[in-house]
Amino acid sequence: MRPSLSEISSVLFNPQSSLDEVQSALNAYKTCLLNASRIDFSEREHQQHLQLNTGIAIGLNWAASCLDDHIRTLKFIRGTKNAINQKLEEGIQPVRLVYAGTGPFATLIFPLLDQFSSEELQVTLIEINPNSAKNVKHLVESLGFERHVEGVFVADATSVLLPLPNTRKSKKTNYDILLSETMQHALQAELQVVICANLLSQMPTEALLIPQSIDLDLIRMQLEAGNFRSVERIGELMWVDADFLRREFPVDTSWQFKKQFDLSKVSFEPEEFLGISTSIRVFEDEIIHENESGLTVPKMLISMEDVQEEKLEFTYKIDPDPGFVYKKLEGSFESN
């Protein structure tokens, strides 16, 4: 007999659950969502990404497979629950959460809806892919959470305006949490930065962001047993949190973030590489460390030998393929 959503949730939120128990629960959760869905995942159209001028919204099939990244899924769900509890402890009820980029499953939200009453938690769901949004709406209904959901909207979260149509009339201060997991390692390709900058700009300063922070560092790295690992942190490339996104807004194709490094001061060993590490604080103690998830695999850039004694400028750009680019600097240099 398959476990119910409540039984699955009890495993996910139990700090004593072993990794094997968590993996088993998440596999059962995926089966639950697949069985309740109305999508033929074998169709070719579901494998195609949607290209925007600020990045890609990954295809429906790829979005569905994110659930297989167990540590990512677990820590995002647990971290979001902690953020909701914090708002409830502040006397806010219901807590109003915006979940942007749901994919076809709205994976991160259903265990939370199982844990909180509709009087405690209200959610607004945003998804750019109409097939995914249609399936999410079906899942909400089939799993019995209509009273929790203010709306499921087909919209581009990089530019959509809040409050969305059909949500209850309210000031923007009634949005308490923004949840978006629309990223890859090194914040490349996808829309995380643009989505969060747009939506946070329309929310109050006390609104919480999930993930709470994303730390991108320039590193020396080695290839070990087929996997890259950090050897030494050279310096911070970019720290993305709510304060950063509000300060940098508007974040669009004309926006850039630059950082410079003098590698003449960096010693290295043969067969080492220059790379980018990613660490994600979902919320408070829920942290996704290096190589715990596909989101935190170090990204290799170039051999250290090819940039020794060089001064480099890194630029995070927003375009159809967002991410960091770098160039060698000549002459004057601003030290970091």
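Scoring rules and cut-offs
Residues numbered from 1 in each chain as written. Predicted model: local features only at pLDDT ≥ 70, side-chain atom pairs only at ≥ 80, totals over all residues. Heavy atoms only, no water. Helix = DSSP H or I, 4+ residues; strand = E, 2+ residues; numbered from the N terminus. Rg over C-alpha atoms; globule rule 2.2 N^0.38 Å. Buried < 20%, exposed > 50% of the residue type's maximum accessible area, 1.4 Å probe, protein only. Contact = heavy atoms within 4.5 Å. Areas by Shrake-Rupley, 256 points an atom, 1.4 Å probe, with all protein chains shown as cover. Lys, Arg positive; Asp, Glu negative; His and termini not counted. Charge placed at Lys NZ, Arg CZ, Asp CG, Glu CD. Pairing = 2+ DSSP bridges. Axes fitted to C-alpha atoms, helices over the stretch in contact; angles between N-to-C directions. Expected span 1.5 Å × (residues − 1). Arc of directions from axis to C-beta. 1 Å grid on protein atoms, 1.4 Å probe; cavity = no way out; pocket = protein on both sides within 12 Å on 5 of 7 lines; lining within 4 Å. Points joined across faces, edges and corners; volume = space filled by probe spheres on them. Nonpolar A, V, L, I, M, F, W, Y, C, P; charged D, E, K, R; others polar.

Participant: Explain the overall build of the chain to me, please; I cannot follow it from the model alone.
Facilitator: When helices and strands are tallied, the chain shows eight helices and 15 strands. Taking 20 Å as the expected radius of gyration for a compact globule of 336 residues, we find that the chain reaches 21 Å, a close match to that expectation. Projected onto the principal axes, the alpha-carbon positions of the chain cover approximately 60 × 45 × 45 Å. Split into buried and exposed, the 336 residues of the chain put 55% on the buried side. Intrachain contacts of the chain at a sequence separation of at least 6 include 74% that bridge at least 24 residues. Carbon and sulfur atoms make up 46% of the accessible area of the chain, which totals about 15,300 Å². Both charge centroids of the chain, one from 31 positive and one from 49 negative side chains, sit 5 Å from each other.

Participant: Is there a simple way to explain the sheet that holds strand S15 (residues 323-328) in this structure?
Facilitator: Note on sheets: strands pair through backbone hydrogen bonds, and any given pair is parallel or antiparallel. Spatially, three strands are ordered S10-S14-S15 in an open sheet, and the strand pairing comes out antiparallel. The open sheet is flanked by strand S10 (256-262) and S15, the only strands paired with a single partner. Strand-to-strand twist across the sheet, computed as the mean angle between neighbouring axes with direction ignored, equals 25 degrees. Two strands pair when backbone bridges link them, and S10 and strand S14 (residues 311-317) are joined in this way by seven bridges, in the antiparallel orientation. Paired with Lys-258 across the two strands is Thr-315, which belongs to S14.

Participant: I'm lost on helix H2 (residues 19-36) in this one. Help?
Facilitator: Residues that lie three or four places apart on an α-helix share one face, since the helix turns once every 3.6 residues. The end-to-end C-alpha separation of H2 is 26 Å, in line with the 26 Å expected for 18 residues at 1.5 Å each. Within H2 the residues assigned to the buried category are Val-22, Ala-25, Leu-26, Ala-28, Tyr-29, Leu-33 and Ala-36. Each buried residue of H2 sits inside an arc of 160 degrees when the element is viewed along its axis, so together they form one side. The exposed set on the far side of H2, more than 90 degrees from its buried face, consists of Asp-20 and Asn-35. For H2, the elements touching its buried residues are helix H1 (5-12), helix H4 (70-89), helix H5 (110-115) and helix H6 (130-142).

Participant: Can you walk me through empty space enclosed by the protein in this structure?
Facilitator: Where empty space is left in the structure can be found by rolling a water-sized probe over the atoms. Within the structure shown, the criterion is met by two cavities of 30 Å³ or more. Looking at the largest cavity, its volume works out to about 40 Å³. Taken together, Gln-192, Val-193, Cys-196, Leu-209, Pro-211, Ile-214, Val-240 and Leu-245 make up the lining of the largest cavity. When its residues are assigned to classes, the lining of the largest cavity shows seven nonpolar, one polar and no charged. Each pocket or cavity is described by its volume, and for the second largest cavity that value is around 30 Å³. Lining the second largest cavity are Thr-182, Met-183, Gln-184, Leu-187, Gln-188, Glu-190, Leu-191, Gln-192, Val-193 and Tyr-316. Counted by class, the lining of the second largest cavity contains five nonpolar, four polar and one charged residues.

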